[in-house]
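Architecture at a glance
If you want the building blocks of each chain, they are given just below.
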Protein chains: 2
Amino acid sequence: MKTLKINRDTIQNLLSDLLKRSPNSYKEYEDAVADIIKNVQNEGDKAVFEYAYKFDQAQINKNNIKVSDMEIKEAYNQIDSTLLEVIQKAKKNIREFHEKQRQYSWFDSKPDGSILGQKVTPIKTAGVYVPGGKAVYPSSVLMNVMPAKVAGVKKIVMTTPCNKEGKINPNTLVAAKEAGVDEIYKTGGAQAIAALAYGTESIPKVDKIVGPGNIYVALAKKAVYGNVGIDSIAGPSEILVLADETANPRYVAADLLSQAEHDELASAILVTTSEILAEQVKKEIGIFLKQLSRKTILEKSIENYGYILIAENLDEAIQVTNEIASEHLEIVTKDPFQVMTKIENAGAIFLGEYSSEPLGDYFAGPNHVLPTNGTAKFFSPLSVDDFIKKSSIISFSKESLEPIHEDIIKFAEAEQLTAHANSIKVRFEK
Amino acid sequence: MKTLKINRDTIQNLLSDLLKRSPNSYKEYEDAVADIIKNVQNEGDKAVFEYAYKFDQAQINKNNIKVSDMEIKEAYNQIDSTLLEVIQKAKKNIREFHEKQRQYSWFDSKPDGSILGQKVTPIKTAGVYVPGGKAVYPSSVLMNVMPAKVAGVKKIVMTTPCNKEGKINPNTLVAAKEAGVDEIYKTGGAQAIAALAYGTESIPKVDKIVGPGNIYVALAKKAVYGNVGIDSIAGPSEILVLADETANPRYVAADLLSQAEHDELASAILVTTSEILAEQVKKEIGIFLKQLSRKTILEKSIENYGYILIAENLDEAIQVTNEIASEHLEIVTKDPFQVMTKIENAGAIFLGEYSSEPLGDYFAGPNHVLPTNGTAKFFSPLSVDDFIKKSSIISFSKESLEPIHEDIIKFAEAEQLTAHANSIKVRFEK
């Protein structure tokens, strides 16, 4: 973990180091991804089955690609009943928070007969990608599916790779069923994204694809963007703790490590005005590293993307925090709400010493799918907004069009769009 | 203009014909675009200047790339004063409509000390691309800039190519100034998008890029997506008129042509339950074609992407309308508001015989940057939403964390994320 005083060069170097982890920095995989997509477009199921065998040694065919009711039932028999209860409680909190994000159609009418507005409609079908492999995250299933459910999406299709035996982890299946997924297909990687984007004999085409994945999945999502909607281009996880001398170094250290354990590209940054705190946090990290099970990953991510940045004062600390635009931001200062008012860029903001980041990952209710890698400057957390779209509503009467019709004709003619002008003219021709 | 009875095959063929016009169907330009982007990333201004000379024969350097106050003043001297007034009126309507799209930060607190919410922050800097060449669309400048302005974007940077003499059309410059653009740079094409995405010595990096452009611009926007935000992948313009026997065939014909005149790839579709109306509209189109100035474009787009679809009944007509998901939809039926309730996918919906599409292009207030090519199934009109982003707010007290802390630990441990569990544990250790 590097300790650095903040200055222009430090921050520029740090930002460009972090940016190397972005999916856009892995252009060398683009051709392989484009090939997979093209094959699925051309060959449909056949390509999907072949890739399942090639990448996961799974024997998938049109009879077993869709998860059956029996498999779901089996998953319920296998899941730890306490975990099931926890999943149900978390789901309730997630639903409650996302229900507050609902947006409504509105209109504005004037007595001249004109009506303007926006109609809000849910997206009809959504595809949720869930990674397979060793890491099994039922929390991620809830977080990706619940906003779609609350938005009113009619059909939610999930894809996830199965293992060699054709099995999917029961916790994933139960979380999907609890969240209200309609159909689950055993397929992963770029081929799953292509199948959801274009449809195959077995897998239905959807309107929008969400969910995290490896570099192949991220680049495949980008490639199909425009043919379908996507949530965002996700990079590795990040935490930034903005702390002053009032922070508890043990809590800060634990929270930095909570994100660092995700993978070797994860980043954990402490920005502090207190050199004493910096020292204490470093010591606590050393202690935790000896105790925690994911030691190898932790050591690597802390070494590569762990930073302690010493700020001259709180203003400088806040400025750097805004520049980094971290996925998760914890504010552990004397008056965290005051500091929050100055935060411009962050995926999720955790205030005060009991608002530990994992609270947000699992339970509080806000979404844990958050903008990474500086994209909080322009992206938002996954939300109900991602599963609705709007249509403008325009209704004018003759009475309301008449007084402005010459202005419209003038504007259209200035742009040399004479057929536009003609549309207005014909309505007032004698 | 092909007249077809609606059936599965008709619609599938039509949809795949229309989809050929999508920027995603022009992958052969991707390498050229990638080269331009890489050169701008590596060489900065130098590459931008070279491309300006290569593509536009314009001699741009660091002294003249930025539009000066003098050039703006000159543009005001050159613009038709009636057009300036119309621009100002249109701007007022656009502002008024977009102000109703404002979203607000909110929170929800419980007496146990927990606070959850969403903080809404404007994007800090936005880049607006404005095409050059013969087509000059000041309306497009207003439509792209005003939502950013209303959202509270601090810095709005515009780029547009100049002509050989280094000039930009005065109407474009005046519209930019009226809308509140902060800086204008003379550069176009993929190189302008790259400059906005990564910054050069002269052109500042922005957080999000919006605005229409040719295929190079569209593919460049897609390529930089993820490093910056973009509005959408825009394709050629479209109109669909959904009409029954009550519609005025002359108005319908005029409105179909108003979009068809944009370019040869533009699409104009009439979906109707009335074969009589279909015939009448065809006749009126023939008459207008003889009168209108953009005849060559009109004839080609009507021939290639003009359709009259005959529906058995209104339900079938509505279903097809939803499948096509047109950029502009006019509903000219006996009871247009009733039909509107059944519309799921459309960029903008115009109701009744006086709501002619060009009214929305120029004047009513809603944005004319709309999802094209079926993307209304998942994209929305350009709006204030595009220039804000949200951060989740999570603040828990010890009292509110305590009753759920074991659930969080359980969930984290089930996902084998032991450092996540540790973060919660340390807060309750004895």
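Residues numbered from 1 in each chain as written. Chains lettered and ligands numbered in written order. Predicted model: local features only at pLDDT ≥ 70, side-chain atom pairs only at ≥ 80, totals over all residues. Heavy atoms only, no water.

- Under the annotation held in an unreviewed UniProt entry, chain A carries the name Histidinol dehydrogenase and is attributed to Anaerosacchariphilus polymeriproducens.
- In UniProt, chain A has this text filed under Catalytic activity (unreviewed entry): "L-histidinol + 2 NAD(+) + H2O = L-histidine + 2 NADH + 3 H(+)".
- Checking UniProt for chain A, the heading Sequence similarities (unreviewed entry) contains the comment "Belongs to the histidinol dehydrogenase family." (UniProt positions renumbered as here; feature names shortened; annotations may be inferred.)

Remarks on the overall build of chain A
- Tallying secondary structure elements over chain A gives 18 helices and 14 strands in all.
- Overall size of chain A, expressed as C-alpha extent along the three principal axes, is 85 × 60 × 45 Å.
- Going through the 430 residues of chain A one by one, you find that 62% of them count as buried. (Helix = DSSP H or I, 4+ residues; strand = E, 2+ residues; numbered from the N terminus. Buried < 20%, exposed > 50% of the residue type's maximum accessible area, 1.4 Å probe, protein only.)

Considering the pairing of strand β6 (residues 183-186) of chain A
- By the alternation rule, side chains of β6 of chain A split into Glu-183 and Tyr-185 of chain A and Ile-184 and Lys-186 of chain A, which are all buried.
- The parallel pair strand β5 (residues 155-160) of chain A and β6 of chain A is bridged by helix α7 (residues 170-179) of chain A, and the resulting crossover is right-handed. (Right-handed = clockwise from strand over helix to strand, strands pointing away.)

Digging into the pairing of strand β12 (residues 328-332) of chain B
Residues and elements named next belong to chain B.
- Here β12 lies mainly inside the structure; five of its five residues are buried.
- The two faces of β12 match: His-328, Glu-330 and Val-332 on one face and Leu-329 and Ile-331 on the other face are all buried.
- One ladder, built from four bridges, connects β12 with strand β13 (residues 348-351); its direction is parallel. Of the residues in β13, the one forming a bridge with His-328 is Ala-348. (Pairing = 2+ DSSP bridges.)

Focus on the sheet that holds strand β12 (residues 328-332) of chain A
- A sheet is described by the order of its strands in space; here nine strands give the open sequence β1(A)-β11(A)-β10(A)-β9(A)-β12(A)-β13(A)-β14(B)-β3(B)-β2(B), paired in mixed fashion. Edge positions in the sheet fall to β1 (2-5) of chain A together with β2 (106-109) of chain B, since each has one partner strand and no second. In this sheet, adjacent strand axes meet at a mean angle of 20 degrees when their direction is disregarded.
- With respect to the sheet, helix α12 (residues 295-305) of chain A is in contact with β1, β10 (267-272) and β11 (306-310) of chain A, its orientation differing from that of β11 of chain A by roughly 40 degrees.
- Along the sheet, helix α13 (residues 314-324) of chain A contacts β9 (238-243), β10, β11 and β12 of chain A; its crossing angle with β9 of chain A, the most-contacted strand, is approximately 170 degrees. (Axes fitted to C-alpha atoms, helices over the stretch in contact; angles between N-to-C directions. Contact = heavy atoms within 4.5 Å.)

Thoughts on the domain arrangement of chain A
Residue and element names in this part refer to chain A.
- The domains assigned to chain A are domain 1 (2-22 + 236-364), domain 2 (25-230) and domain 3 (396-426).
- When the two sides are added together, the surface that domain 2 and domain 3 hide from each other amounts to roughly 330 Å², 57% of it contributed by carbon and sulfur.
- When the buried area of domain 2 at its contact with domain 3 is split by residue, Asp-112, Gly-113 and Ser-114 rank highest and sum to 77% of it.
- Summed over the shared surface of domain 2 and domain 3, the result is zero salt bridges.
- Our count for the contact surface shared by domain 2 and domain 3 stands at one residue pair in polar contact (both at pLDDT 80 or more).
- The residue makeup of the side of domain 2 that touches domain 3, split by class, is one nonpolar, two polar and one charged. (Domains from an automatic or database assignment. Buried area = accessible area lost by both parts, 1.4 Å probe. Salt bridge = Lys/Arg side-chain N within 4 Å of Asp/Glu carboxyl O. Polar contact = N/O pair within 3.5 Å; in protein donor to acceptor, adjacent residues only side chain to side chain. Nonpolar A, V, L, I, M, F, W, Y, C, P; charged D, E, K, R; others polar.)

Structural notes on the packing of helix α5 (residues 81-99) of chain B against helix α7 (residues 170-179) of chain B
All names here are of chain B.
- In the contact formed by α5 and α7, the axes pass within 11 Å of each other and the chain directions differ by 35 degrees. Between α5 and α7 the crossing geometry is right-handed. Contacts from Leu-83, Leu-84, Ile-87, Gln-88 and Lys-91 of α5 reach α7 at Asn-171, Val-174 and Glu-178.
- In terms of residue class, the contact of α5 with α7 is built from four nonpolar, two polar and two charged. (Left-handed = near helix turned anticlockwise from the far one by under 90°.)

A closer look at the UniProt feature "binding site: Zn(2+)" (unreviewed entry) in chain A
- Under the local residue numbering, the UniProt record ascribes the feature "binding site: Zn(2+)" (unreviewed entry) to Gln-259, His-262, Asp-361 and His-420 of chain A. A maximum C-alpha distance of 55.7 Å shows the annotated residues, which cover 162 residues in sequence, to be distributed over more than one spot.
- With near-sequence residues (within four places) excluded, His-262 of chain A lies in contact with Tyr-137, Ser-237, Arg-294 and Ile-297 of chain A together with Leu-417 and His-420 of chain B.
- By the secondary structure assignment, His-420 of chain A is in helix α18 (residues 418-426).
- By relative accessible area, His-420 of chain A is classed as buried at 0%.

Overview of the packing of helix α1 (residues 8-19) of chain B against helix α13 (residues 314-324) of chain B
Residues and elements named next belong to chain B.
- With their axes 11 Å apart at the nearest point, α1 and α13 run at an angle of 25 degrees to one another. One way to sum up the angle between α1 and α13 is to call them roughly parallel. Here α1 and α13 pass one another in a crossing that is right-handed. Judged by residue contacts, Arg-8, Ile-11, Leu-14, Leu-15 and Leu-18 of α1 engage Gln-319, Val-320, Glu-323 and Ile-324 from α13.
- Partitioned by chemical class, the residues of the contact of α1 with α13 number six nonpolar, one polar and two charged. (Parallel < 35°, antiparallel > 145°, perpendicular 65-115°, else oblique.)

With respect to the side chain of Ser-326 of chain A
Residues and elements named next belong to chain A.
- Structurally, Ser-326 is set in the loop between α13 and β12.
- Overall, Ser-326 belongs to the buried group, its relative accessible area being 4%.
- A polar contact of 3.4 Å, which involves the side chain of Ser-326, links it to the backbone nitrogen of Leu-240.

Some words on the relation of the copies chain B and chain A
- The operation relating chain B to chain A is a screw motion whose rotation component is 180 degrees, with 0.0 Å of axial translation and a residual RMSD of 0.0 Å. Overall, the copies show the geometry of a two-fold rotation axis. Closest approach to the rotation axis among the C-alpha atoms of chain B is made by Lys-222 of chain B, whose C-alpha sits 4.0 Å away.
- Residue by residue, 100% of the interface of chain B is reproduced at the interface of chain A, so both copies engage with the same surface. (Least-squares fit on C-alpha atoms with pLDDT ≥ 70 in both.)

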